[in-house]
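One-letter residues, chain by chain:
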Amino acid sequence: MDYQKTLNLPKTDFSMKAGLVEKEPGMLKAWQGAELYAKIREKSKGRPAFILHDGPPYANGNIHIGHALNKVLKDIIVRHKTMQGFDALYVPGWDCHGLPIEHALLKELKARKADIDCLDLRKKAHDYAMKYVSLQRDQFKRLGVWGEWEKPYLTLDPQYEYWILKSLAELVRKDYVYRSRKPVNWCFECETALAEAEVEYEDHTSPTVYVRFPVNNPEVLDPALKGKKVSLLVWTTTPWTLLANVAVAAHPSFDYVLAEMNGDVLILEKTLAEKVLAKTASDGKIKPSRVRGHVKGADLTALVYTHPFGKRENCPVVLADYVTREDGTGLVHTAPGHGQEDYQTGLKNKLPILMPVNDRGVFTEEGAPFAGQHVFKANPEIVKDLEARGLLFYSEPLQHSYPHCWRCKKPIIFRATYQWFLKIDHNDLRRKLIVAVENDVQWFPAAGKERIRAMVETRPDWCLSRQRFWGVPIPAVRLKGQEDQYLFPEVIEHIARLVREKGSDIWFEKDLKDLWPKDFPCLLGKFEDLEKTYDILDVWFDSGVSHQAVFHEMIQKPLPADLYLEGSDQHRGWFQSSLIPSVALDGRAPYRQVLTHGFVVDGEGRKMSKSLGNVISPDDLLKNNGADILRLWVASSNYNDDIRLSKEITQRLIDSYRKVRNTVRYLLGNLDGFDPEAHLVAPAEMPLLDRWAMDRLSALIEKVNASFEGYDFAEAYKAVHLFCNEEMSSIYLDILKDRLYTSSAQSPKRRAAQTVLYHIADVLARILAPVLCFTAEEIFSALPKSSATRDLSSVHLLDWPKIHPEWRDRKAVERLSGLIEMRPFVLKALEEKRGEGLIGSSLEARLVFQTASVRDLDYLKGLQEELSSFFIVSDVVIEQVDKVSRSLGGAFTQTAVVVEKARGEKCPRCWHYGEDIGSDQDHPQVCGRCALAVKGQDK
């Protein structure tokens, strides 16, 4: 008889080779053909809502790895919440207006803003954005991300634009919106104002200068200074802004020295004086200084000076608390047109706001003698001019972090222009924002709370207007030839209704008389004297009011959203631009929870860039490995920090995936012929080891549940990996092979083992479904079906696994804990004998436990029947001795194990050694245990 054919060897269609690249597109097609997403949505009807509100990416190119990270994280959460029993509707969105798209389009057209017709550009921009909406949608779907892909929210949709204008109208009505000439971040390349979130900081080299500002009345400090050449010594990293200087700021409580060098007297902060004055000592031109006196900063306000280029006489010295001792001279050149702090100082001291620089960053006639020059190109000329005037004390290059435009990557300038602003301190808004941040929102990680709070506490008013073509117009009007502009909420609301029907191009296409509400009078005089203005709204306002458009109309769900999830840079971006209008309009934060992730860097922690050649695109990962490997990278990463990705990291992920897959394959292979309806065994009727495994499965569910609730997917996957690799593969499944293979197919003990394997495979399929959405589907397809799952077409229609109280068995865990602790020591002893040639397979061994411990003796004897199978040997003997020479270790310091050659003959069926070969006359070639199994009489 061929006894090998009587063994229950694993059999499954679940392949060892994943083949994700080939399989995943077919699964996507099958899901679409089966209308699986619609079935999931139908199943979710009437359940409690969980809404993850999507932060819209820009529709201006292929997705990058950061997009993939973000969308997969969202998909994991939405899938998990759906399986948990929530109606987790996910509406993806796209930001379709503004500089990113306009810039990309102009680059593609090889044109500048001034070279193209506004309406023509808007039509091209619309088509351009829609092209990339379609492209990105397909790319996100290929990642396995599910959502309302055919009904997304798009900021260019007339219905959405209506809500943008409706929100603006309400903010105007509540007096949050005003127009003023203030310094803003200005990109001279893109010719527009920029929001704080549109500014990136990069290294930049500036020509720093120490400049003498000649004092006109030094005698007010000391009569002996009359007739002396006295100067305020000022330091700046932006020499070009000196043309707009109107004051010098000093700190009121600092001590300043009057240092005489070569007959000149220089005024500068006391603690900085030595370092600054030493800068010119090495050239031999400057004699050592002597201090002629000291003066408090508050007393410097008595001085007036002449502008270094002679543009103004009797400029004042003012006081400011932001002056520091960190760099410079303790005296700050003040140009209210070129900086926020300078602007505030200007308001406080009623200083003029000068702006000698145009939209292109070029000096106007007001900037003579440098008119016609770009400000950065003029810097060297300005330094030379200062030197020629005898006002340059010292100059040196400085490499420092400097703001750049996020789109064109050029350094920006600070420039006072007339813009529309949202006032952050109106109606106590700033305090309300801070209260919402502190009390109404849960932040993941918790440090996010302090980060956004600090930003809200210090942020300036929000610049709402942009000087671009592609966006939602700010429907402001002005009297022809006048600078002042006006917004009327009634007019905005009327235009919003027109936009809803015709789109926002209507503002650029129609005459003002055709846009004005018939029942609203012209409050500015004669209607024919009015004209439209053409600034557009900041795109951050577009996306910031998405909670109004999406929740109030598209999905008709009450605010707040349950979760916002974006990159950590959105603390100063979308999280704020959403929070501000929500609190101003509705008096509450738009979100209950905010989760942030870091940025993707290479394996060495460097930013990915084409110049370094370290960019890894989602398409590369999909083509080489499949979406599930990318999704596993997302889930297994600590996304609170920057997330590393490289070929080496990808290979480790593949190895990790393979271990989990092989574990699942083993489970499924040993479920051949198992019917959950007929063969399930209750935990109470299982052997000890099986009860232990069921308890470990329960512990896994608990661990994964806690990790998912805290959005700690890396910890969840770690728990799954450890469960598969250590508790299952290294212990349970390793021990179980003999029972699964050699017992009769219908043996109660084998059915008990299969029951455990079935529950493990079923739980793993469900737990893995949000992360490895394709692999989980493959597992479910190969899994034996119960009556509850037989009619389900997909793993994604299953519920999240529940913890059954009867699965918990702390007694089983406690009873086996000692053997589990012993196991590494026993395996080491077996390996040593294998190395010596005494044994080959562990089944060739006989273990003799020698113990001088009553506790250990009782423990081992109580588990006598478990020992040989647990340690996978043919026989185990327990001996009590007075003393052991080489203990196991750990808690077993009085117990040792001796490995001997197993006694008896080898059974050709189970490979165990024993002395009962031939004891059954019907099957004289095998051991007694195998004889019963062959007959189907084993228990």
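In this report, the structure presented in the accompanying data block is examined. Remember, it's a predicted structure, so these values are computed and weren't measured experimentally.

1. Concerning the sheet that holds strand β24 (residues 591–597)
The strands that make up a sheet pair up through hydrogen bonds in the backbone, lying either parallel or antiparallel. One open sheet accounts for four strands, arranged β1-β23-β24-β17; its pairing is parallel. The open sheet is flanked by β1 (52–53) and β17 (442–444), the only strands paired with a single partner. In this structure, β17 lies alongside β24, joined through three bridges in parallel fashion. By the bridge assignment for β24, Q442 is matched with Q593.

2. Observations concerning empty space enclosed by the protein
To find leftover empty space, a probe the size of one water molecule is rolled over the atoms. In this structure the tally under the stated criterion is four cavities of 30 Å³ or more. Around the largest cavity, the lining is made up of 14 residues, and of these I40, V78, R79, T82 and W146 lie nearest the centre. A total of five residues in the lining of the largest cavity trace back to one element, the largest contributor, which is helix α3 (residues 65–83). When its residues are assigned to classes, the lining of the largest cavity shows eight nonpolar, three polar and three charged. Here the second largest cavity is characterised by a volume of approximately 80 Å³. Lining the second largest cavity are L632, A635, F708, F713, A716, Y717, V720, I767, L768, V771 and L772. If you list the elements that add at least two residues to the lining of the second largest cavity, you get α19 (627–636), α23 (713–742) and α24 (748–768). When residues in the lining of the second largest cavity are grouped by element, the largest group, four residues, is from α23. Taken together, the residues of the lining of the second largest cavity break down into eleven nonpolar, no polar and no charged.

3. Observations concerning the environment of P183
Residue placement: P183 occurs in strand β4 (residues 177–187). Residue P183 is classed as buried on the basis of its relative accessible area, which comes to 7%. Distance from P183 to K110, taken between C-alpha atoms, is 30 Å for residues 73 residues apart in sequence. Residues in contact with P183, not counting those within four places in the same chain, are P336, G337, H338, G339, Q340, Y343, R415 and A416.

4. Notes on the packing of helix α22 (residues 688–709) against helix α26 (residues 810–836)
One can describe the packing of α22 onto α26 by two numbers: an axis separation of 9 Å at closest approach and a directional angle of 105 degrees. In terms of axis orientation, α22 runs roughly perpendicular to α26. Of the residues in α26, those in contact with L688, L689, R691, W692, D695 and R696 of α22 are R810, A812, V813, R815, L816 and I820. Tallied by class, residues from the contact of α22 with α26 come to seven nonpolar, no polar and five charged.

5. Description of the packing of aromatic side chains
Applying the stated criterion to the full structure yields 38 aromatic pairs. Seen in terms of ring centroids, Y564 and Y591 are 4.7 Å apart; in terms of plane orientation they differ by 65 degrees. Their pairing is edge-to-face. Here Y564 is found in strand β23 (residues 561–567), whereas its partner Y591 is found in strand β24, with 27 residues between them in sequence. Here the two residues Y564 and Y591 agree in accessibility, since each one is buried. Ring centres of F575 and Y591 lie 6.4 Å apart, and the angle between their planes is 80 degrees; this geometry places the pair in the edge-to-face category. Of this pair, F575 sits in helix α17 (residues 574–586) while Y591 sits in strand β24, and the two are 16 residues apart along the sequence. For the pair F575 and Y591, one class covers both residues: buried.

6. Quick word on the pairing of β23
With seven of seven residues buried, β23 lies mostly within the body of the structure. Across two bridges, β1 lies against β23 in parallel orientation. Note that in β23 the partner of H53 across the bridge is Y564. Bridging between β23 and β24 involves six bridges; their strand directions are parallel. Considered in β24, the bridge of L565 is made with L595.

7. Examining the side chain of S577
With respect to the helices and strands, the residue S577 is situated in helix α17. A polar atom in the side chain of S577 sits 3.3 Å from the backbone oxygen of W540. Leave out the neighbours within four places in its chain, and S577 touches W462, W540, S543 and G544.

8. Concerning the packing of α26 against helix α27 (residues 854–862)
Between α26 and α27, whose axes approach to 10 Å, the crossing angle comes to 105 degrees. Classified by the angle their axes make, α26 and α27 are roughly perpendicular. Packed against α26, whose contacting residues are R815, L816, S817, G818, L819 and M822, the element α27 presents Y859, L860 and G862 at the interface. Residues of the contact of α26 with α27, tallied by class, amount to five nonpolar, three polar and one charged.

9. Thoughts on the side chain of H97
Structurally, H97 is set in the loop between β2 (93–94) and α4 (99–109). At 3.2 Å, the side chain of H97 and the side chain of E161 are in polar contact. Residues within four places of H97 in sequence aside, it is in contact with Y58, T155, L156, E161, W470, G471, V472, V539 and D542.

Cut-offs used in this document
- Along each chain, numbering runs from 1 in the same order as the chain's sequence is written.
- Given that the model is predicted, a residue must reach a pLDDT of at least 70 before its local features are reported, and side-chain atom pairs must reach 80 or more before they are shown or counted; all residues, however, enter totals for whole chains, interfaces and linings.
- Values reported for side chains reflect all heavy atoms of the structure, with hydrogen atoms and water molecules removed beforehand.
- At least two DSSP bridges between two strands are needed for those strands to be called paired.
- Runs of H or I in DSSP of at least four residues are treated as helices and runs of E of at least two as strands, each being numbered from the N terminus.
- The pocket and cavity definitions rest on a 1 Å grid over protein atoms only: a 1.4 Å probe that fits but cannot leave marks a cavity, an open set with protein on both sides within 12 Å along at least five of seven lines marks a pocket, and residues lining either have an atom within 4 Å of a point.
- Grid points are joined across faces, edges and corners, and a volume is the space filled by probe spheres set on the points.
- Under this grouping Gly is polar, as are all residues other than the nonpolar Ala, Val, Leu, Ile, Met, Phe, Trp, Tyr, Cys and Pro and the charged Asp, Glu, Lys and Arg.
- Any residue under 20% of the maximum accessible area for its type is buried, any over 50% is exposed, and the rest in between are partly exposed; the area is computed with a 1.4 Å probe on protein chains only.
- Only heavy atoms matter for contacts: two residues are in contact if any of them lie within 4.5 Å across the pair.
- Comment: axis = line fitted to C-alpha atoms, over the contacting stretch for helices; angle = value between 0 and 180 degrees taken between N-to-C directions.
- Between 65 and 115 degrees an angle is taken as roughly perpendicular, under 35 as roughly parallel, over 145 as roughly antiparallel, and anywhere else as oblique.
- Paired rings are identified among Phe, Tyr and Trp, the last through its six-membered ring, by centres lying within 6.5 Å, and are further divided according to the angle between planes into stacked (under 30 degrees), edge-to-face (over 60) and tilted (the rest).
- For the purposes of these results, a polar contact is taken to be a pair of N or O atoms within 3.5 Å, where, inside protein, one atom must be able to donate a hydrogen and its partner to accept one; residues adjacent in sequence count only when each atom of the pair is a side-chain atom.

The analysis is restricted to geometry; functional conclusions fall outside its scope.
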